[in-house]
Amino acid sequence: MKKFLQNKKLLSAFIIVIVVLVVLGGSVSLRKKRNTPLLIQSLGNDIVALGTRIVDVPVGWISGGLNSAHDILNTQEENNHLKREITNLGQTKVRNSALEKENRQLKSALKLKDTLSGYTLVNASVISRSPDTWSDLLTINKGSSAGIRKNMAVMCGGGVIGRIVEANAASSKVELLTTTDESANRFSVQADAVNGKTVHGIITVTSNNNLAFTQVVDGRKLKAGTRVYTSGMGGNSPKGLLIGTVTTTTRDSFGLSDQIRIKPAGDINDPSVVTVIERQVAN
């Protein structure tokens, strides 16, 4: 005991512990007896609360800013994703439209194969069409190696759209019915009149780029809706290929012959798959 009292550090610690216990016990006893906390306790609580508020405000701003930035980044990413989806949807629609058109033209080629049993048919795809010769020429991906030769008739959509004017090894050029070239080799055609007679003529292009059945002496006997076919005369194309249907009949500028407007049966404006016709020759 005497050594303990002589150890000042240990004695000081013991006294501090006793004082703390007495203060805590007194505080608990006073808190139970008082309706309000002690001034020191109240002041301490207020300082702690104020400090908490001071810290919470900037922390809240920073947290809110980070959340807003995160939301903006998420919104931007979602917006970019939606833009990509819209672009892909547009491309898909265009591709589907092209495939549907090509499908229709292929079906037409299959029907053509059933009806033209006396001909050799070669299906080909259009690979180019220059804007400056849009109504005159187009290029297909089949040539002489596939049996394509000059002057063969070319069909698309169930009707004639032109003929081969140049056959290379792997590609060919097609001269369209709508060509304005004065030196073009025009199709000889025929149609059945209402009196049962066959009317002959050739296909030309009018000044406003419409097809016409010209050099017809008695074309007024051809009523609207009459089908016009290749006649096979001249040896440049087989007989019986559909060109189009009659729409109207007028006299030419000289009053010598009838000029018959023709609605093309073939898809001249936007062909993607064509069929080249070769008449089979008996041995």
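Look up: the structure comes first, before these words.
Residues numbered from 1 in each chain as written. Predicted model: local features only at pLDDT ≥ 70, side-chain atom pairs only at ≥ 80, totals over all residues. Heavy atoms only, no water.

Caption draft 1: Summary view of the overall build of the protein chain. Looking only at helices and strands, the protein chain features three helices and twelve strands. Counting contacts in the protein chain only where the partners sit at least 6 residues apart, residues at least 24 apart contribute 56% of the total. (Helix = DSSP H or I, 4+ residues; strand = E, 2+ residues; numbered from the N terminus. Contact = heavy atoms within 4.5 Å.)

Caption draft 2: A look at the packing of aromatic side chains. Per the counting criterion, the structure on display carries zero aromatic pairs. Positioned over the ring face of Trp134 is Arg129, at 4.1 Å from the centre of the ring. When the ring centre of Phe187 is taken as reference, the NZ or CZ atom of Arg163 above it lies at 3.9 Å. (Phe/Tyr/Trp six-rings, centres within 6.5 Å; stacked < 30°, edge-to-face > 60°. Lys NZ or Arg CZ within 6 Å of the ring centre and 35° of its normal.)

Caption draft 3: Main features of the environment of Lys221. As for its placement among the helices and strands, Lys221 is situated in the loop between β8 (211-216) and β9 (227-230). In this structure the C-alpha to C-alpha distance between Lys221 and Ala193, which are 28 residues apart in sequence, comes to 5.3 Å. With residues up to four places along the chain from it excluded, the contact list for Lys221 reads Ala193, Val194 and Asn195.

Caption draft 4: Focus on the nonpolar core. By size, the foremost hydrophobic cluster in this structure holds 38 residues, and its most contacted members are Ile140, Ile164, Phe213, Val228, Ile243, Ile262 and Val276. No other element matches strand β3 (residues 153-156), which puts four residues into this core. Residues in contact with Ile164, not counting those within four places in the same chain, are Ile140, Ile148, Arg149, Lys150, Asn151, Met152, Val154, Ser172, Lys173, Val174 and Val276. (Core = buried A, V, L, I, M, F, W, Y, C linked by side-chain atoms within 4.5 Å. Buried < 20%, exposed > 50% of the residue type's maximum accessible area, 1.4 Å probe, protein only.)

Caption draft 5: Summary view of a nonpolar patch on the surface. On the surface, Phe14, Ile15, Val17, Ile18, Val19 and Leu21 cluster together to form a nonpolar patch covering roughly 540 Å² of accessible area. Among the structural elements, Val17 can be located in helix α2 (residues 8-33). Take Val17: its relative accessible area is 44%, and that puts it in the partly exposed class. (Patch = residues over 30% accessible without salt bridge, like charges linked within 9 Å, V, L, I, M, F, W, Y side chains within 5 Å. Areas by Shrake-Rupley, 256 points an atom, 1.4 Å probe, with all protein chains shown as cover. Salt bridge = Lys/Arg side-chain N within 4 Å of Asp/Glu carboxyl O.)

Caption draft 6: The environment of Pro271, seen in detail. Along the chain, the position of Pro271 falls in the loop between β11 (258-264) and β12 (273-279). Pro271 gets classed as buried once you look at its relative accessible area, which sits at 7%. Separated by 114 residues in the primary sequence, Pro271 and Gly157 have C-alpha atoms spaced 8.1 Å apart.

Caption draft 7: Expanded view of unusual backbone geometry. A positive phi angle, close to 80°, is found at Asn151, a residue other than glycine. One can find Asn151 in the loop between β2 (137-140) and β3. Looking at Asn151, the relative accessible area reads 24%, which means it is partly exposed.

Caption draft 8: Highlighting the pairing of β2. Sheet analysis places strand β1 (residues 119-128) next to β2, joined by two bridges and oriented antiparallel. Counted as the bridge partner of Ser128 is Thr139 from β2. Of the strand pairs in this sheet, β2 and strand β5 (residues 172-176) are connected by four bridges, and their pairing is antiparallel. Looking across to β5, one finds that Leu137 is bridged to Glu175. (Pairing = 2+ DSSP bridges.)

Caption draft 9: Representation of the side chain of Thr178 within the structure. With respect to the helices and strands, the residue Thr178 is situated in the loop between β5 and β6 (188-192). Those residues in contact with Thr178, other than ones at most four positions away along the chain, are Ser135, Asp136, Val205, Leu211 and Ile268.

Caption draft 10: Summary view of the environment of Lys150. Among the structural elements, Lys150 can be located in the loop between β2 and β3. Residues Lys150 and Lys173, 23 residues apart in the sequence, show an inter-C-alpha distance of 9.1 Å. Residues contacting Lys150, with those up to four places away along its chain left out, are Ile164, Val165 and Ala167.

That's the geometry; what it means functionally is another story.
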